[in-house]
Amino acid sequence: MREQTWQRLRTPRRRSAVAASVAVAMAAGVLAAGVLTPTAASAATAAASAAAKPDTVQQGLDALVRQDKLPAALATVKDRKSRTQAYTAGVGDLATGAKVPKDSQVRIGSNTKTFTAVVALQLVGEGKVRLDEPIETYLPGLVRGDGIDGHRITVRQLLQHTSGLPDYEGDIDEATLQQRYFEPRELLDMAFRHKAGSAPGEKFEYSSTNYVLAGLLVQKVTGRPLAEEIDRRIVQRIGLRHTSFPGTGDRSIREAHPQGYRQEKPGGPLIDTTELDPSAGWAAGQMISTNADLDQFFTALLGGRLLPAAQLAEMRTTVPIADSGAGYGLGLISRPLSCGGVYWGHGGDIPGFETRGGATDDGRAVNIAVTQIPADGAVTRRLEQVVDTALCR
C-alpha cells in the first residue's frame, strides 16, 4: 500500500555472473566422453569453480536478515527459459521458530495497483472507458474538495498519479489499519478533507486516492465488484493459483505464509501484524499473492497476454519519478538495471510485508518479499539491489 520514498530507486552497477548450472552441465558432458583433454580439464575446473561460488541472490537475502535485522526474506527468480528458483532466509514465525515456507503467500500492497490498472485498461480497449475523459463522466459529483474538481481530472491522470489528489494514508495509523474495516468512500472522505497537492497534470505525486477512484470506476462501468473483475479478467485468465483479493472482513492469509511484523518505533519490539484488515488499501493495496504468481503476472502482462498492444503501450508510457531514473506509467513502474535496460513492475508495502520486483521484456522476472517494512530507506535500497542482482546475473 504505502510506498517508500521514490528516490530510493537507484541501484549500483554490477557485473553479471555465469550461471553455475550451465557450467556444471558442460563439465558433465566432457566427463561423459571418457577422456579429459587439456581443454576438457580446464572446462571441468571452471565448472567446479563456478559451482562453488555462493549464490548472490541467497547472499542478498541472508544479508537482509542478518545485517538489516528483518525477520524473513523470500524470493522467486525466473530466467529467460521460464526456469524458476525459490529462496528463503530468516525465520517465518518468531514465536515458534518455524521456517519460512518457500514461495508462500504474502500481502502484496501496492502491486494491487497494477492489477486495478490492467482491468481499467481492458475497459479502455473494450471502448467502455476513455483515458482522457474526466473522471466526472463516470463518477459524477464524487470528486470535490479544496482545489479538487472531477471535471478537470482524467482517468489517465488517476492511473499515472498526476491528478494532484491528496493521499488519505497519513490519516490512518497502523494499529487502526490492522483492526478496522473501511469503505472506499470513507477513504475518499478522508482524502478530500485535504487540499489538492498540485494542479491536474502538473507533476507526479503518488497517492493511493487515485486508485480508490480507479476501483470505483471499474465497478461503475462493469456493474460488478472490483474483486470479481480482477479474478475473472486476470487471476483466472492466466492461472494465478495463489493470488486473491480478500473478501470483506477477511483478515487472514489462507495458505502457507510467514508471519508479518511491525514496529511502533525504531528499536522497539516486533508486533505480529499478520492478521490485518486490508480494506484501507482496497483497489490500491488489498491483494495477497506469492512471488511466483507475481513473476507470472508481470511476465504475462509484458508479453501481451492481458492487454491489447495499444493499451499496453499506454501503460508503458511513463513520467519521471523525481531524479531516480525510474518512470511511472499507468500502474506500472520502469526501473533501470545496472546491466543495462530496465525492468517493469511496481512493488508495495502494507504493515507486515514489503515487496519489490518485476520483469524484463525478454522474460526474466524476480519478486522479493520481506516480513517487515524497513524503517530505514537504505534497507529498501538494498532490497532493490537484490532484485537488480537477480535480473543481471
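Residues numbered from 1 in each chain as written. Predicted model: local features only at pLDDT ≥ 70, side-chain atom pairs only at ≥ 80, totals over all residues. Heavy atoms only, no water.

(A) Spatial organisation of the nonpolar core. Ranked by internal contacts, the top residues of the largest apolar core, which has 82 residues, are Phe115, Val143, Leu159, Leu213, Ile234, Phe297 and Met315. For this core, the leading source of residues is helix α4 (residues 111-125), giving eight residues. Once residues within four sequence positions are removed from consideration, Met315 is found in contact with Thr114, Ala117, Val118, Leu121, Leu301, Leu307, Gly329, Leu330, Gly331 and Leu332. Counting residues in hydrophobic clusters, the runner-up holds 21 residues, among them Leu61, Leu64, Tyr343 and Val366. (Core = buried A, V, L, I, M, F, W, Y, C linked by side-chain atoms within 4.5 Å. Buried < 20%, exposed > 50% of the residue type's maximum accessible area, 1.4 Å probe, protein only. Helix = DSSP H or I, 4+ residues; strand = E, 2+ residues; numbered from the N terminus. Contact = heavy atoms within 4.5 Å.)

(B) Seen up close, the pattern of salt bridges. As enumerated under the stated definition, the model contains 22 salt bridges in all. The salt bridge partner of Arg80 is Asp362, with a shortest N-O separation of 2.9 Å. In this pair, Arg80 sits in the loop between β1 (72-78) and β2 (84-90) while Asp362 sits in the loop between β14 (353-359) and β15 (365-370), placing the two residues 282 residues apart along the sequence. In this structure, Glu126 and Arg233 form a salt bridge, with 2.8 Å as the shortest nitrogen-oxygen distance. Here Arg233 lies in helix α9 (residues 226-238) and Glu126 lies in the loop between α4 and β4 (144-145), a separation of 107 residues in the sequence. Accessibility expressed as a relative area gives 40% for Glu126, which makes it partly exposed. (Salt bridge = Lys/Arg side-chain N within 4 Å of Asp/Glu carboxyl O.)

(C) A look at the packing of aromatic side chains. Using the criterion set out here, one finds four aromatic pairs in the structure. Taken together, a centroid distance of 6.4 Å and an interplanar angle of 70° make the contact between Tyr206 and Tyr328 edge-to-face. With Tyr206 in the loop between α7 (184-191) and α8 (209-222) and Tyr328 in strand β10 (residues 327-328), this residue pair connects regions lying 122 residues apart in the sequence. Aromatic pair Phe297 and Phe298: ring centres 5.0 Å apart, planes at 55°, arrangement tilted. In terms of burial, Phe297 and Phe298 fall into one category: buried. Counting every residue linked through ring pairs, the aromatic cluster contains Phe115, Phe297 and Phe298. (Phe/Tyr/Trp six-rings, centres within 6.5 Å; stacked < 30°, edge-to-face > 60°.)

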